[in-house]
Amino acid sequence: MLKLYGYWRSSAAYRVRIALNLKGLAYRQVPVHLVKDGGQQHAAEYRALNPQRLVPLLVDEVNGGARIAQSLAILEYLDEVFPVPALLPDDPVRRAQVRALAMHIACDIHPLNNLRVLKYLSGELGVDDEAKNAWYRHWVTEGLASVEVGLEAFGDELSLGQRPGYLEACLVPQVYNARRFDCPMDAYPRILARVARCEALEAFTHAAPEVQPDAG
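These numbers were taken from a predicted model, which means no experiment stands behind them.

**Looking at the packing of helix α1 (residues 11–22) against helix α7 (residues 166–180)**
Packed helices, taken two at a time, are described by the angle their axes make and the gap between the axes. At their nearest, the axes of α1 and α7 sit 8 Å apart, and the two run at 140° to each other. With respect to α7, the element α1 is oriented oblique. The handedness of the crossing between α1 and α7 is right-handed. Seen from α1, the contacting residues are Ser11, Tyr14, Arg15 and Ile18; seen from α7, they are Ala169, Cys170, Val172, Pro173, Tyr176 and Asn177. Of the residues in the contact of α1 with α7, the class split is 7 nonpolar, 2 polar and 1 charged.

Right, dumping it as structure tokens:
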């Protein structure tokens, strides 16, 4: 049994839901609301499971109750423990290209616009909503511009040829967030084409934030 602690609107948890669905793995979701009760991720019970106080957290009860934090580490774990179907290409060059773009999304773009950063801007620094949203759009659009260029190496193919994988599991949630904050997207035709292909697949539609049990 795989247990996923997450929040419906967390893009990091969204990545893991996509990966689990792509692999056809059954899992149970445990909601951790990042806003209610001052943020349930800070509760002692959850902090005992994940001292980072972040989502997602994957618990593999079959494998000794192993607890894996950080979405990219979870994706790597899933690919090693459940290798078929793969999330990463076999070719080492293409595999490195996929990881590089995924890390750019998860490590360079996302941390600058996640919930705790936005709350710090609004709270401790007193940044108004207009300036906060300008901050968000700046870092998202600058980051996606680099991803758009990086996708040129893949031509018309997805990261696994005709199949999506590790890269798309990171890209689709980031685009979801960009749209939510009205970031301009017309300059990224490669990104939009790739995301459109993925959003038509059940692995992605079933992972979408709005259809999660804790949505709302």
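**Quick word on the side chain of Glu148**
By secondary structure assignment, the location of Glu148 is in helix α6 (residues 129–150). Judged by relative accessible area, Glu148 falls into the buried class, the value being 7%. In contact with Glu148, other than residues within four places in its own chain, are Ala187, Tyr188, Pro189, Arg190 and Ile191.

**With respect to the pairing of strand β2 (residues 27–31)**
As paired elements, strand β1 (residues 2–6) and β2 share 5 bridges and run parallel to each other. Opposite Lys3, over in β2, you have Arg28 as the bridge partner.

**Comments concerning the sheet that holds β2**
Across the sheet, which stays open at both edges, the 4 strands sit in the order β2-β1-β3-β4 with mixed pairing between neighbours. Edge strands, defined here as strands with exactly one partner in the open sheet, are β2 and β4 (66–69). Across the sheet, the axes of successive neighbouring strands diverge by a mean angle of 20°, strand direction being ignored. As defined by bridge partners, β1 adjoins strand β3 (residues 57–60) across 4 bridges and the pair is classed as antiparallel. Within the sheet, the bridge partner assigned to Leu4 lies in β3 and is Leu58. With respect to the sheet, α1 is in contact with β1 and β2, its orientation differing from that of β1 by roughly 155°.

**Some remarks on the layout of surface pockets**
Approximately 890 Å³ is the volume found for the largest pocket. If you go around the largest pocket, you meet 33 residues; those closest to its centre are Leu34, His110, Asn114, Leu115 and Arg116. Per-element accounting of the lining of the largest pocket gives the leading share, 5 residues, to helix α5 (residues 115–122).

**Regarding the packing of helix α4 (residues 92–109) against α7**
Closest axis-to-axis distance for the α4/α7 pair is 8 Å, and the angle between their directions is 30°. With respect to each other, α4 and α7 are oriented roughly parallel. As for the relative orientation of α4 and α7, their crossing is left-handed in sense. For the pair formed by α4 and α7, the contact residues are Val98, Arg99, Leu101, Ala102, Ile105 and Ile109 on the first element and Tyr166, Leu167, Cys170, Leu171 and Gln174 on the second.

**A closer look at empty space enclosed by the protein**
Under the defined criterion, the tally for this structure stands at 1 cavity of 30 Å³ or more. Of the volumes computed, that of the largest cavity is approximately 30 Å³. Lining of the largest cavity is provided by Leu4, Gly6, Tyr7, Trp8, Arg17, Gln29, Val30, Pro31 and Asp214. Looking at the lining of the largest cavity, the elements that each hand over two or more residues are β1 and β2.

**Considering the UniProt feature "domain: GST N-terminal" (unreviewed entry) in the chain**
Mapped onto the present numbering, the UniProt feature "domain: GST N-terminal" (unreviewed entry) falls on residues 1–86. A distance of 20 Å separates the end C-alpha atoms of residues 1–86, which is 34% helix and 21% strand.

Scoring rules and cut-offs
- Residues numbered from 1 in each chain as written.
- Predicted model: local features only at pLDDT ≥ 70, side-chain atom pairs only at ≥ 80, totals over all residues.
- Heavy atoms only, no water.
- Axes fitted to C-alpha atoms, helices over the stretch in contact; angles between N-to-C directions.
- Helix = DSSP H or I, 4+ residues; strand = E, 2+ residues; numbered from the N terminus.
- Parallel < 35°, antiparallel > 145°, perpendicular 65-115°, else oblique.
- Left-handed = near helix turned anticlockwise from the far one by under 90°.
- Contact = heavy atoms within 4.5 Å.
- Nonpolar A, V, L, I, M, F, W, Y, C, P; charged D, E, K, R; others polar.
- Buried < 20%, exposed > 50% of the residue type's maximum accessible area, 1.4 Å probe, protein only.
- Pairing = 2+ DSSP bridges.
- 1 Å grid on protein atoms, 1.4 Å probe; cavity = no way out; pocket = protein on both sides within 12 Å on 5 of 7 lines; lining within 4 Å.
- Points joined across faces, edges and corners; volume = space filled by probe spheres on them.
- UniProt positions renumbered as here; feature names shortened; annotations may be inferred.

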